Structures are given as structure tokens and as C-alpha cells.
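Structural characterization, general
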Protein chains: 2
Amino acid sequence: MADLFYIPKAEFDRVRSLDLNAADKALLFADMCRLNCLYMIAKAGSGHIGTSFSCLDILTWLHLFEMNANDIAFSSKGHDAPALYSLLLAQGVLEFENIHSLRRLGGLPGHPDVDTPGIVTNTGSLGMGVSKAKGLARAARMDGKPCRIFVLTGDGELQEGQFWESLPGAVNQGFPEITVIVDHNKFQSDVTVAETSDLGDLEAKFQAFGWEVRRVDGHDIPALAKALREVTAAERPGAVIADTIKGKGVRRFEHTTMPDDERYYRFHSGCPTAELVDEGLAELRERIDDVLRVAGVAPLEVAWVAREMVATPAGRIERLVPAYGRALLDAARRDRRIVALDADLRLDCGLVDFERELPERFIECGIAEQDMVSQAGGLALRGYLPVCHSFACFLGPRPNEQIYNNATEKTKIVYMGNLAGVVPGGPGHSHQSVRDIAILKGVPGMLQAEPCCEAEVPGLLEHFLARHDGPAYLRMCILPCEIGFELPAGYVPETGRGCVLREGNDAVLISYGPVMLEQACRAAELLAREGVSLRVANLPWLNRVDPRWLADMLADVRALITVDNHYIEGGQGETIAAAMADAGLSTPLLRLGLTGTPPCGRNDEVLSAVGLDAGSLAQAVRRALGLAD
Amino acid sequence: MADLFYIPKAEFDRVRSLDLNAADKALLFADMCRLNCLYMIAKAGSGHIGTSFSCLDILTWLHLFEMNANDIAFSSKGHDAPALYSLLLAQGVLEFENIHSLRRLGGLPGHPDVDTPGIVTNTGSLGMGVSKAKGLARAARMDGKPCRIFVLTGDGELQEGQFWESLPGAVNQGFPEITVIVDHNKFQSDVTVAETSDLGDLEAKFQAFGWEVRRVDGHDIPALAKALREVTAAERPGAVIADTIKGKGVRRFEHTTMPDDERYYRFHSGCPTAELVDEGLAELRERIDDVLRVAGVAPLEVAWVAREMVATPAGRIERLVPAYGRALLDAARRDRRIVALDADLRLDCGLVDFERELPERFIECGIAEQDMVSQAGGLALRGYLPVCHSFACFLGPRPNEQIYNNATEKTKIVYMGNLAGVVPGGPGHSHQSVRDIAILKGVPGMLQAEPCCEAEVPGLLEHFLARHDGPAYLRMCILPCEIGFELPAGYVPETGRGCVLREGNDAVLISYGPVMLEQACRAAELLAREGVSLRVANLPWLNRVDPRWLADMLADVRALITVDNHYIEGGQGETIAAAMADAGLSTPLLRLGLTGTPPCGRNDEVLSAVGLDAGSLAQAVRRALGLAD
């Protein structure tokens, strides 16, 4: 495998000083940014190529030629962060060494964060852009420093209600300084926008909402520049619908080169194969060199970096989400009331087979979680058993009122919140769901659980679907996990009761899910070498604990350590602690979990940074036992 | 004061059998329903007259003449429940005796609930109607029993993002059986829709979203019938924008009779004066009798009911929200960074003076909580100090992801959640905010507090604005409260620490807010007569407790009782219990609060039903002390 290469800052400076017309220079610069963007994503091992590439011509034009000093531009979709980083690196806003630190601790987060120079606002949670822009615009006026604000949105993002909620105020309260640019690259997470939830006549929609609108080819710089000129000159807020190509700039990434029979776009997130990366880097370099040659200047000088080898895990790898997909399909074969609803994450949520086999009971709602949950409410009122899917970071908070509303109808709905927990750490805090347990508390009758391994998935799902009388929340880890423990033979989930994964009698550690329990078992291993005997118990129930089971667990140990893959506040540990107080159990207790906003980084970096890796857990146990400070 | 009267069921039966054309009969029937509606609201002491009256012609036409047996109609806005009840009573769907039990325990809830016969779905939380309808429509099809579904919405409600989020799916997934009827009565909670957040060209919006749309006078039955015929015949979902008059049917309630210099509509919620009620009843009766006379039949027979006298409270009444409004305005005079944002509740949230004095720092967002909170985010990024206002039942859950997103930017924003707690009990569970503490947990740095009396308001607000470093949630009781306790002299709020309102040494009760602390003090009074000495402590902090303060409180008592005006799960009691476990405090603990969906009813009925009135608290203390089972 060849090494990776990127374009050093000096080359960007050289290109900026070339005698080219603005449009040609922008396109050249954008391709150079694409190359660095691809390098960063390849180095990080994940990132959003498709959407970064589709908007880079637009972003480059904005930052190099359109914006004045006071003007602001930010991305509402947020997952095009690598594109913006590549530009900010090229412009010297970000220290260039950061090019090597995408999605690394202390580096450039997977989604925008204001701690990064040049980042205006935190996004990654969708649909917030125009609202934020209105606040920024008003503040700028109050400061006596009015400015123009450009908000880049995705197209799938326009399925979010907040986007449409935010438009009227911009007209009614008079914000002509706001311009929305829709990066209309036609594909969202899974399939096309048109298939997922078609946007219809988007120009007519913006017009009906009172916005000045233009539609252009987003890769045609003169057309884009003209459209921006016109809408920013108008006396009302403006929208430019930029038709773009997802993955633009590398043939194999471009959605327009997909075979006719291919439905899923492969370069939304994650990282292409090394071969495809090499091909992409080469293609971009060749095109850049072509332009430089025509301009009569030297070809690109690039810098090479050795590819890092990713260590293959030694242990057993378990994939809980596919196990979930199989279990749900099995259940749905038996129970015709089961209906699966999805919010543009069917691949990630393991629903592809379900859709293929039971299309009439699969509802794709698009990025519209509130709509999905209330639709589920309607189905449940008629006796169906809906199962709603999204990432936990969205499913917990965005349709929170809708989930409660459904619960007040005393119907039964299962909510599956995927990508829960502090890892994967690469996408950053907008995607690290560490509040979902707390924010689904107080929903009458709602039971929450997280499985810790493939074997635990079907039992918990079955418990929710067939035994628990009320709504339920199934929290899922999306990572393939290296797992060294096994469930006890004959284990059957029983509400509020857990099981012991590893015996021990000095202290007991209670947790849930594959990530924490694996770290806990490794901590127990570390401690065993010192003669400290740690029992590790799996309590899959996140908001219930049986006081008798808890008393049994505490009967013969000197300390309890609870470990939350969640904020301590509102997590499982709080439920356990409260149950101890209720029952008068006074075993010394140490509660671990998150406190501040979780950092972005590689999984091992993040677990260590938040004190939840095996070493930190072992040290906490020592502290709890009075063996360390 | 004259007695009240209503129209008995037999009179509706008589009118149905009259030889009148359908349109005239519908209008007559609607006026009769208005009369009963006004009776119900007068009897209950509160209800939404304006919106009930504006839609009654539409509702009557739908239920009496438009709908087939399988068809469904429901209100998405929900606060027109009295209108629907009056129809369901007249039709015999509801037992007629229920006419006397609006907003009473076991009676007809303030907002729709599926436990009531004839109610399709729970609403009151806005913007969910079309989403619910899609679920219902799909279920009906899967059942092989397709039907038409009519969704009545408000106009202010269309400011909610979910409404627009729900429209495209109805087109893309083909739901021609769904018809939206917008009760466009031009006024929302406070002022006109146009002034709050203008809807712009509503017809163009529906059209742009691919819906078949008609616009008619909502009180012109033939025009309405024609529009419904046309849109339901179309092959796509349909919308009828019905221009209506808020309060239609009683001159003094009609928004069109408001003096030009009157900005606030007075009959949105609450109850008119006895004089206005009498005037309204008389006007309706007269018009009904006119029609009956022309039809050549006997005049209306009505039934009389004695007006109940409302007892004047004996003690001191405190109004926390006006105190809050004054404190915020004072603070804003001193600190020009403070900006108040409102979501169509400026009257209820005490912001009228703020808007008058500092209009440039008052932002009316309309019923658009997500947009409001993200706007606040933009302002905060630029150094302003936004204070967001809504009812707690909406502010906690609807913009939950937006609140978290703001917090990850490490800016400071204060959220004021009004109408928190289980009372007032009249509006029903959509408005009884008993989850807000839980769902705002895990927001990094967020501190939550609820003041217990007017005197505590300024100090807590000041603590949030000037001392606490991070976001804050101020939970407010909207009720004027009879309060017998006083804060200790020299009391200054200090995070996590409370104060003793009444000394005692057998047990300590910890709670917060005016309602629970007043009940607790009364419980202490009851217990004192039996020689049981209950200390009552006010801990305004909802998600923090100082372990030293807690240890002091528990040092010399035999039991702790925590009382949450909130679900037990995720409430203050859970934080206290967890703190006890953390600190190894093993005082016997009893945690009180809500468990299931709160009932609707008069405040005293509700407090008693959920076991949180003084008598129930006293009994709980006896149990905690082993003096009762």
C-alpha cells in the first residue's frame, strides 16, 4: 500500500498569487482542498467525503472571493467539517499541523465546534442554521457591526422541521443579510433525497416562505457568484439552491457515476478503501497539475506521510446492530403488528433486510424524527407495534415531546437509539449520545435497556416487544466491539435484575453495554494481578433496578462502583444510588461517567480522556477500596 | 349574579329533526354547542373560548354532515376541546352529565385525551396532527378499512416546525385521504398571528408543499362544504384554509369587535367575567330562538344551574411570575447584554413591561421553541445573555437538542419554564410539566432552580444571571399561591443549599416551589397536632444538593421525605437520594412525587389524586416514621 500525501500550505499560497481569473482559481483551490480533505479522512479513518466534496467549490468561492472581513459563513449540516478545515488550513486560520489530527483528541472534531479557530457555531445537529444566523445577525446589529451571514445547508437536512420553522422569522423580522445556500447533492445517508423524502419544488417553497431564491449549478462559479450577488442585494433573506454532485471531484466518489442498479451511496461517511483513496488522491493531483501546466507554472509539490497500520483486534468481535436487525425481522415475521420506522439511517440501524422482506411494514421518514415518532403514535393507537429508529443523540431529544405525547396515550412503541454512548468518539459531541437515559426518564411506563453483546439483543428486544407493558427504549452501541466476556448460561432478562459476568468479592462494578463492560472486565484483570477481586455485573436496565438484586450484589463486597457510558447526572448510576438510599443500603459508592461535554477523538483516546478506559476504572476501584487516593 | 344555563340533549335531538337545510341546521347546531361550551367553561372557571367558538361551525359541519362512519376528525391544536365536547355531548357520544365536569377529576380534560369517548388522539402539544394522521391512515389501510381523516389545526400552530416537517411525507407517500383544515382565526395566545410571526402566503405554502388547497370563509357553510368536496376528491392531500373569527358567535368575544387600540385578545384562555358570560349566553340563546321562531317551532328550553361561589383564600396570595417579570426588567436595565425571547406567551410569562420598555431587546418568536432557542444560541455566541421563555411542558422537551447544542458552545443562556408542575390541573397532561427536571439533566453546567415565593425570585434570577457560570433553568409556578411560610431573614441562595421554613425534629421534608412547600407546611401543622414534629426545608436547586447541607438536615431526624412536583423518576428526590448514597447517609428515606400520567382536574382534586396534598403528605410522614402503614 502506497503512502498518503497532502498539499502543504506553501502550495496554496503559490496558487493564490497565480494570475488566474477568480472562477478558475476558486475551482483549482477547491480541488487542492479536496485532496487535503481526502488525506485527512483517510488518515482519520472516517469522515464525510461525499458532502465535503460537493460543497467545496461553493465554500472556496465564499471564503476566497465573496466574503468581506465582517461576514460570516458556517455550515448547518456540519458533517462537511473536513471541507471547511481544508480551507481554513490553506488560509492559515488553522495551524497547518492540524491537517494530521482530524477526529483526534485535541485535533479537529468530526463536526464543527467553536473551540476550533474559524468555527462560528456548533453544528451536526441538523436544521439549526437559520435560527442561529438570526441570533448572530441581531447581535451584530446590536453591536453596530452588521454583516452578511451565509448558511450552508444540506438537502436531506431540509426534511427537519426546524429549518422551515426558522424561515418565516427571517422575513418577518427583516434579515436580508442572511443567505442560505443549499448544497443540493441529491443523496442523504442512505439513498437519494428524492427516494427518502422528496423535497418537491424547492424554489417554490422558498418563494412561498417569502425568500429571494435562485437555483444554479453549484460547480459553475460564475453562475453561483451571480446568484449570490442577486440574492444578497435583495431586500429580503435569500436562498441559493446549488445543484451539486455528491463526491464531486473524484469520479469514483461522484454519485453520478453510480451504476443504475446501485441504490446506496457508499461515500457518505466512513472511509473508502486504501485503493480508492489512492485513486482519488492521484486523480485530484493530476487535474490540479493539468491546470498548473496550462497556467505555465510548476506542478504541485506534495508531502508524503506513511500510512498507519490499524492493529487487528485479537479477541472476538461482536456486532450488536446486525444482531438487532435479525432479531427485529424475526419478531416481525411472527407478529404482523410490528412496523419499523426509520429516519434516514436504515443502513446504520440494520434495517436493510427488514425493508427488503417487509416493505409494506417499513416506513422511511427521512430526517424528520418528530414526524416519525408522531406517525408511530398514530399507528400504535390502531393496535400496531411501531419500532422507531434513529441515532440516540437525535431520537432522545428531538422528538422528546412527541415520545411523551405517545406515552400519554398508553400505547406501546419501541424506540431504538443507535450510536449511543461516548464512543465512537470521532463524530464529536453532536453525535456522542450521553444524555439519552436522562431525557427519556419520566415517560410513564417507559423501560430502558442496553444490550452488552449479540446474545443479549434478542432477549431484550423480545422483552420489550412481547412482555413489557408500555413504551421502551433500546439503547444500542453501533461499534463492532471486542468482547472477552460471556453471558451466564441460561440467562434470561428480567426487569431490574442483572447478571454477573465475572466473579469477585472485594468490590462490585455495575454497568451496561459492550464498551463499558469490556473495559470493566479488563480492569478486573488488571486488579486481579494485584490481588484485588472485582466482580463485574451487567445491569442492562438503565432506569430500573430491583432492590433485592442490588442488595444481593452488595451483600459481600466493600464497595460499589457504577459506570455510566452517559453523564453521571441522570444515568444508571443515579438510579442505582437512589435505590440504595431508598433501601437503606450503605455500601460505599463511587459513581463514574461523563461530566462535561465529551471530547472528540479516537475511541481509545476518548475513553481514556473521560476516565472510562480499563486503567482508569481499575484506579477508581482502588480508590473506592481505599487502596489509592 | 344570575344562575348559569345550558341546553339539554333533548333540544339537540329536536333541532336535528327539524326541516332545515343542512347549512342552516349546522349553523344553528353550532350556536347551540357554543352556548353549552360557554356554560362548561364558565362552570370550570377556565377554558379556551376564542378558539372553541371560531371552529364550531366547521366542527359541526364535519361531524353532522361531512363524515362517514369510518372517517376520523381530530383537533391538532387541542385547546378547542370544549367545542368538540359540546358536539360529542349533543350527539350522545359522551354521557350528557359530563357537561358539568369540564376540567374536573374524572371529567372532561382541558385538552383531548384518548380515555374520553370520541377522542382520537392526545393533543395540546402542537404541530403533531398531520404526523399522527399519517400513522392512523396507514393503519387503517393495513387493516383494510381506509378512511378519510380531517385534521383541524390552529393558525399560530403553523409556526411549529413539525407541521411543515409532516407535510412532504403526506405527498410523497400518497395520503390523499388526509385533509387539513386551518382554523385561521388570526389571533394566538397574546396578539395577532400577523404580529407574532406572520404566516405569509399560506395558500402558496401549501401549494409549494404539493397539497391541494382552498381558502374559504370558515363560517360560510356552503363554501366550506364545496372546498372540502374539492380537496377530498383530489389525488393528493388537501388543505382548507378557513378564515374564521376568534370568539365567533358572541359579539364581545369576537376579535373583530376589539377596539383599534387593543392589542391583546382577552378570551384566548381563562374565563370571562360573570357579566360577560351572562351576556354571551343570552346573546346565543336569543339568536337560536330567532332561528327557531323563523322555523316555526318552539323556543329553546334551557336548564338552569346555580353558580358556584369560589371561596376567597384566607391567606397571603403571592404571584411569582409578575415578580419574575419585574426582576428580569430590573436586571436588563443594569445589564445591556440581557435579551428576552418569547414563544407566544409574553402575557403569561410576565414580559409585557419588558417589551414596552426594552423593545429592541425583546424578541417574539411565535410558537417556535426550537427556533427561539437556537436564536438565543446565536446571540450568546456574540456575548449577549439571552433569556428564553415558554411553558415548561414545551421548553424542556421541544427544543431539548437545541438547548444541549447551545450548552456545548459553553455560552450562557437562561431558560425560564413557566406553568411548571402538576397544577394548575385544568389544562391536562399536555400542559402539566412534570418531566422538565429530568429532561434538562446532563446539559453540561446547567443549574436548575424553582423559587418558592416572590421573595425568592430575584435572588435566584440574579444568581443565574450574574453568578452561575453556565446555562440555567428557572422553573416557575404560574399559579397565584396562598402562602403561609416566609423565607428566613437574611436568606441568600447558595448553590445546593436550602433553608428551613419550619423547624421540627422528628423528620425532615425537603421540597421546592410554592405549591409543595405550602402543602408541606400545612402537613406539618396537621402533624403538630399529633405531637409529630416535621421540619420543612426549601431546596430551590433541582439538580444539585450540597452534601454537607444535606448531612446537617439529616443529623437529628429519624426520616427524610422528599416531595417532587414532578415525576419521582428524574426529580429532585432522585438527586437527593443519590447524594445520600454517595455520602453514605442512611437516614430512612421516602420519596414522593408523580408516577403515572397526571390527571386533569381542579387543583385540589389533582393534588389529592396524586397524593401530594397536605393530608397525603402528613400520612406519608407518619409512614416514614413508622406511625402508620
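Residues numbered from 1 in each chain as written. Chains lettered and ligands numbered in written order. Predicted model: local features only at pLDDT ≥ 70, side-chain atom pairs only at ≥ 80, totals over all residues. Heavy atoms only, no water.

1. Focus on the domain arrangement of chain A
All names here are of chain A. Domain annotation of chain A identifies domain 1 (4-305), domain 2 (316-482) and domain 3 (496-625). Opposite the 25 residues of domain 1 that make contact, domain 2 presents 20 residues. Taking both partners together, domain 1 and domain 2 bury about 1,700 Å²; carbon and sulfur atoms supply 43% of that area. Of all residues in domain 1, E160, D190 and Y264 give up the largest surface area on contact with domain 2, accounting jointly for 30% of the area buried on that side. At the boundary of domain 1 with domain 2, the tally comes to 3 salt bridges. A salt bridge links R346 to D190; its shortest N-O distance comes to 3.8 Å. No other element matches helix α7 (residues 193-197), which puts 3 residues into the side of domain 1 that touches domain 2. (Domains from an automatic or database assignment. Contact = heavy atoms within 4.5 Å. Buried area = accessible area lost by both parts, 1.4 Å probe. Salt bridge = Lys/Arg side-chain N within 4 Å of Asp/Glu carboxyl O. Helix = DSSP H or I, 4+ residues; strand = E, 2+ residues; numbered from the N terminus.)

2. Things to note about the sheet that holds strand β19 (residues 559-567) of chain B
Hydrogen bonds between backbone atoms are what pair the strands of a sheet, whose relative direction is either parallel or antiparallel. All names here are of chain B. Strands sit in the order β16-β18-β17-β19-β20 across an open sheet of 5 strands; the sheet is mixed. The open sheet is flanked by β16 (499-502) and β20 (589-594), the only strands paired with a single partner. Sheet twist, expressed as the average angle between the axes of neighbouring strands with direction ignored, equals 25 degrees. Across the sheet, helix α20 (residues 572-583) touches β17 (507-511), β19 and β20, and the angle it forms with β19 is around 145 degrees. (Pairing = 2+ DSSP bridges. Axes fitted to C-alpha atoms, helices over the stretch in contact; angles between N-to-C directions.)

3. Remarks on the relation of the copies chain B and chain A
Between chain B and chain A, the superposition needs a rotation of 180 degrees and an axial shift of 0.0 Å, giving an RMSD of 0.0 Å. The relationship between the two copies is best expressed as a two-fold rotation axis. With an isologous cut-off of 70% or more, the 100% of interface residues of chain B that recur at the interface of chain A puts this contact in the isologous class. (Least-squares fit on C-alpha atoms with pLDDT ≥ 70 in both.)

4. Focus: the interface of chain B and chain A
Counting residues at the interface gives 96 residues for chain B, matched by 96 residues for chain A. With both sides pooled, the region where chain B packs onto chain A buries about 8,100 Å², and carbon together with sulfur makes up 49% of that total. Area buried by chain B at its contact with chain A is led by E165, R382 and E401 of chain B, which between them contribute 10% of it. Linking chain B to chain A there are 14 salt bridges. A salt bridge links D371 of chain A to K134 of chain B; the nearest nitrogen and oxygen atoms lie 2.7 Å apart. Partitioned by chemical class, the residues of the side of chain B that touches chain A number 37 nonpolar, 30 polar and 29 charged. (Nonpolar A, V, L, I, M, F, W, Y, C, P; charged D, E, K, R; others polar.)

5. A word on the packing of helix α3 (residues 49-66) of chain A against helix α9 (residues 221-233) of chain A
Residues and elements named next belong to chain A. Interaxial distance between α3 and α9 falls to 11 Å at its minimum, and their mutual angle equals 60 degrees. The pairing of α3 with α9 is recorded here as oblique in orientation. Both α3 and α9 take part in a crossing whose hand is right-handed. In this structure, α3 contributes D57, I58, W61, L62 and E66 to the contact, and α9 contributes I221, L224, A225 and L228. Its residues placed into classes, the contact of α3 with α9 shows 7 nonpolar, no polar and 2 charged. (Parallel < 35°, antiparallel > 145°, perpendicular 65-115°, else oblique. Left-handed = near helix turned anticlockwise from the far one by under 90°.)

6. Brief notes about the environment of L94 of chain B
All names here are of chain B. Checked against the element boundaries, L94 lands in the loop between α4 (81-90) and α5 (129-142). When the C-alpha positions of L94 and T116 are compared, they lie 8.0 Å apart, and in sequence the two are 22 residues distant. In this structure L94 touches Y85, L88, L89, L108, T116 and P117, once residues within four positions along its chain are discounted.

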